[in-house]
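Architecture and fold: a report
Given next are the chains, with one letter for each unit.
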Amino acid sequence: MTTGQTNDYKNNARRLRDALASEGIAVSHAKALELVARQEGVRDWNTLAARPVATPVSAKADEPKAAVPFAVGENVAGTFNGNPAQGRVIGLEETIKPDLWRVTVAFNPPVDVSTSKLFSSERRRIQMVVGADGRSRRLTGTETGVMALARA
């Protein structure tokens, strides 16, 4: 989210707080921020403040802009180590490379992350680096990557 968007939401919270105060309802600024976040359809202020901009700004105007693969709160489905996976994005941040994103997914049901047939290891939450296509990048030595997710 850009600084301008954050300031707009904070201004909305101030106006809401003032309007409620004129009606005799006292709320803190933090509570007003939480209410603005709910109006925007997210669970809390931190989630709203972490929401990515739909098209990130690139260093040069003539460069193509990298697409954001997911948004916080979105449902996703695909595979993890070849096993079916579905969950919800609970965190997203742009990495130093503008075309790569660090995504945190809460899986439901848990996904088996083991590649061994001898045992299993289920995880409910995973953080990985993915491209705009939702596929993890070859950072772990695997040829094809570990995770491939798309909006559900």
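Residues numbered from 1 in each chain as written. Predicted model: local features only at pLDDT ≥ 70, side-chain atom pairs only at ≥ 80, totals over all residues. Heavy atoms only, no water.

Attention shifts here to the nonpolar core. Counting 20 residues, the largest nonpolar core has Phe70, Phe80, Val103, Phe107, Val111, Ile126 and Met147 as the members making the most contacts within it. Counting residues per element, the ones that place at least two in this core are β1 (75-80), β2 (83-94), β3 (100-112), β4 (122-131) and β5 (147-151). With 5 residues, β3 is the largest single contributor of residues to this core. Ranked by size, the runner-up nonpolar core spans 9 residues in total, among them Tyr9, Leu33, Val36 and Val42. (Core = buried A, V, L, I, M, F, W, Y, C linked by side-chain atoms within 4.5 Å. Buried < 20%, exposed > 50% of the residue type's maximum accessible area, 1.4 Å probe, protein only. Helix = DSSP H or I, 4+ residues; strand = E, 2+ residues; numbered from the N terminus.)

The next point concerns the pattern of salt bridges. Tallied over the full model, the rule gives 2 salt bridges. A salt bridge links Arg102 to Glu93; the nearest nitrogen and oxygen atoms lie 3.9 Å apart. (Salt bridge = Lys/Arg side-chain N within 4 Å of Asp/Glu carboxyl O.)

Time to look at the sheet that holds β4. Reading across from one edge, β4-β3-β2-β1-β5 is the order of the 5 strands in this open sheet, with antiparallel pairing throughout. Of all strands in the sheet, those with a lone pairing partner are β4 and β5, marking the two edges. Within the sheet, the average angular offset between the axes of one strand and its neighbour, ignoring direction, is 35°. As defined by bridge partners, β2 adjoins β3 across 7 bridges and the pair is classed as antiparallel. (Pairing = 2+ DSSP bridges. Axes fitted to C-alpha atoms, helices over the stretch in contact; angles between N-to-C directions.)

Let us look at the side chain of Thr104. Residue position: Thr104 is located in strand β3. One polar contact links Thr104 to Gln127, side chain to side chain, over a distance of 3.1 Å. (Polar contact = N/O pair within 3.5 Å; in protein donor to acceptor, adjacent residues only side chain to side chain.)

What follows covers the confidence of the model for the chain. Mean pLDDT over the chain works out to 78, with 81% of the residues at or above the 70 mark. pLDDT under 50 marks residues 55-61. Its contacts with residues more than four places away, or in other chains, come to 8 contacts. (pLDDT = per-residue confidence, 0-100. Contact = heavy atoms within 4.5 Å.)

As a general feature of sheets, a regular strand has side chains that alternate between the two faces. In terms of strand pairing, β1 meets β2 through 6 bridges, oriented antiparallel. Following the sheet pairing, Thr79 is matched in β2 by Pro84. Remark: 2 residues form the turn of the hairpin made by β1 and β2, two consecutive strands paired antiparallel; Asn81 in that turn has positive phi of roughly 50°. A loop of 5 residues connects β2 with β3, the two strands running antiparallel in sequence.

To continue, consider the environment of Glu40. Summarising the element assignment, Glu40 is placed in the loop between α2 (29-39) and α3 (45-50). When its relative accessible area of 36% is taken as the criterion, Glu40 is described as partly exposed. It is 9.5 Å that separates the C-alpha atoms of Glu40 and Tyr9, two residues lying 31 residues apart in sequence. Setting aside anything within four residues of it in sequence, one finds Glu40 in contact with Tyr9, Leu48 and Arg51.

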